[in-house]
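The primary structure of each chain is shown beneath.
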Amino acid sequence: MKIHYYLGWFNNHFNKPLINMLTNDIVDRKSLVLISADPYHYEDEEVGSIELSWFHHAGLNFEEYHIIDFDISKEDAEQYIKDASVVFLLGGYAKEQNELLVKYKLIDLIREKDIVLGTSAGSINMSKKWLYSEYTGNSTKESQIIDGLGLDEFSVLSHYDLENTLNRIQYDLHSLLTSMDVYASNKDCTLRVKNNEIDIIGDVYLISLQSIIKLSETI
């Protein structure tokens, strides 16, 4: 059974419904592997420190923790993922994280894992495909569709300004919307896929060519 968590960004900690789901789903807590979304180290702050604080606050502790970025070897990265109880794709720079996944050839290995989580950039990269655009918070003038991990047959936009950007990105989203569902999430929210069923916590929207619909919470 494969379980995928597409998380928004959490201002403080995981909320109670999410903690309950994670506690039930994550039985094996030997190794948590973090996939950096700042693999070139643009920022000075410790990578993954905020995301790990969410886990610690929830009482979800692991025996081992490993961070994958360009400072470690491809061989070590592969072994960490093979041995991982949970793979967690961190928030940060989505395109740079995608480059790490591709250059280190980690995509197939992650697809095989039973439990994969992503937050912000990480949840975007779990998508089948995703939109790289100035209107989705990226410093670019040319929009691009990028292949993600393809853990599920949809696309994710994470915590961008829905009300002020949707009209401007409708054209860019067109090629995605004609071939797959696009889910948009703001902060403090979760989209979980388990047994091919989707659970929703918080504000998650389903975007179509004609409309945007706020989905009802299931938890």
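You'll find the structure just up there.
Fair warning: this is a prediction, and the values are worked out from it, not measured in the lab.

Calculation rules
Residues numbered from 1 in each chain as written. Predicted model: local features only at pLDDT ≥ 70, side-chain atom pairs only at ≥ 80, totals over all residues. Heavy atoms only, no water. Helix = DSSP H or I, 4+ residues; strand = E, 2+ residues; numbered from the N terminus. Rg over C-alpha atoms; globule rule 2.2 N^0.38 Å. Buried < 20%, exposed > 50% of the residue type's maximum accessible area, 1.4 Å probe, protein only. Contact = heavy atoms within 4.5 Å. Areas by Shrake-Rupley, 256 points an atom, 1.4 Å probe, with all protein chains shown as cover. Arc of directions from axis to C-beta. Pairing = 2+ DSSP bridges. Axes fitted to C-alpha atoms, helices over the stretch in contact; angles between N-to-C directions. Salt bridge = Lys/Arg side-chain N within 4 Å of Asp/Glu carboxyl O. Polar contact = N/O pair within 3.5 Å; in protein donor to acceptor, adjacent residues only side chain to side chain. Core = buried A, V, L, I, M, F, W, Y, C linked by side-chain atoms within 4.5 Å. Phe/Tyr/Trp six-rings, centres within 6.5 Å; stacked < 30°, edge-to-face > 60°. Lys NZ or Arg CZ within 6 Å of the ring centre and 35° of its normal.

(A) Broad picture of the overall build of the chain. Secondary structure summary: the chain contains 7 helices and 13 strands in total. Taking 17 Å as the expected radius of gyration for a compact globule of 219 residues, we find that the chain reaches 16 Å, a close match to that expectation. Considering only C-alpha atoms, the chain reaches an extent of 45 × 35 × 30 Å along its principal axes. The buried share of the chain, reckoned over its 219 residues, is 53%. In the chain, 73% of the contacts between residues at least 6 apart in sequence involve partners at least 24 apart. When the accessible area of the chain is evaluated, it comes to approximately 10,400 Å², of which 45% is carbon and sulfur surface.

(B) Structural view of helix α3 (residues 74–83). Buried within α3 are the following residues: Ala-77, Glu-78 and Ile-81. End-on view of α3: buried residues confined to an arc of 100°, all on one side of the axis. Of the surrounding elements, those touching the buried residues of α3 are β2 (31–35), β3 (64–68), β4 (86–89) and α5 (107–111).

(C) View of the sheet that holds β2. Spatially, β3-β2-β4-β5-β1-β10-β11 is the arrangement adopted by the 7 strands of the open sheet, whose pairing is mixed. Of all strands in the sheet, those bounded by a partner on one side alone are β3 and β11 (197–201). Neighbour-to-neighbour, the strand axes of the sheet open up by a mean angle of 15°, direction not taken into account. Relative to β3, β2 runs parallel, the two being bridged by 5 bridges. Directly across from Ile-35, in β3, lies its bridge partner Ile-68. Against the sheet, helix α1 (residues 16–25) engages β1 (3–7), β5 (115–119), β10 (190–194) and β11, with an angle of about 155° to β1.

(D) Fine view of the pattern of salt bridges. Overall, the coordinates contain 9 salt bridges when judged by the stated rule. With a closest N to O distance of 2.4 Å, Lys-74 and Glu-78 form a salt bridge. With Lys-74 and Glu-78 both in helix α3, this residue pair falls 4 residues apart, about one helical turn. The salt bridge partner of Asp-203 is Lys-214, with a shortest N-O separation of 2.9 Å. Separated by 11 residues along the polypeptide, Asp-203 in the loop between β11 and β12 (204–207) and Lys-214 in strand β13 (residues 212–214) bring together distant segments of the chain. Residue classification places Asp-203 among the partly exposed positions, given a relative accessible area of 31%.

(E) Here's a closer look at the side chain of Glu-51. Structurally, the position occupied by Glu-51 is in helix α2 (residues 49–57). A distance of 3.1 Å separates a polar side-chain atom of Glu-51 from the backbone nitrogen of Gly-91. Every residue in contact with Glu-51, bar those within four places of it in the chain, is listed here: Trp-9, Phe-88, Leu-90, Gly-91 and Thr-119.

(F) Geometry of the side chain of Ser-85. Inspection of the secondary structure puts Ser-85 in the loop between α3 and β4. A distance of 3.1 Å separates a polar atom in the side chain of Ser-85 from the backbone nitrogen of Lys-30. In this structure, Ser-85 is in contact with Asp-28, Arg-29, Lys-30, Ser-31, Phe-62 and Ile-115, ignoring residues within four places of it in sequence.

(G) Region of interest: the nonpolar core. Grouped together as the largest cluster of nonpolar side chains are 28 residues, with contacts concentrated most on Ile-35, Ile-68 and Ile-81. When residues of this core are traced back to their parent elements, those giving at least two are β2, α3, β4, α4 (94–103), α5, β8 (154–158) and β10. Core analysis: the next-biggest nonpolar cluster, separate from the first, contains 26 residues, Tyr-5, Trp-9, Val-47 and Leu-52 among them.

(H) Structural view of the packing of aromatic side chains. A full pass over the atoms with the stated rule returns 15 aromatic pairs. Between the aromatic rings of Trp-9 and Trp-54, the centroid separation amounts to 4.8 Å while the plane-to-plane angle is 70°, which identifies the pairing as edge-to-face. Taken as a pair, Trp-9 in the loop between β1 and α1 and Trp-54 in helix α2 lie far apart in primary sequence, 45 residues in all. The exposure classification of Trp-9 matches that of Trp-54, with both residues buried. Between Trp-130 and Tyr-132 the ring centres are 6.2 Å apart and the planes differ by 75°, which places this aromatic pair in the edge-to-face class. In this structure, Trp-130 and Tyr-132 share a single accessibility class: buried. Put simply, the rings of Trp-9, Phe-10, Phe-14, Trp-54, Phe-55, Phe-62, Tyr-65 and Phe-88 pair up and form one aromatic cluster. We note Lys-95 situated over the ring of Tyr-132; from NZ or CZ to the ring centre the distance is 4.6 Å.

By themselves, these observations are geometric and do not establish any function.
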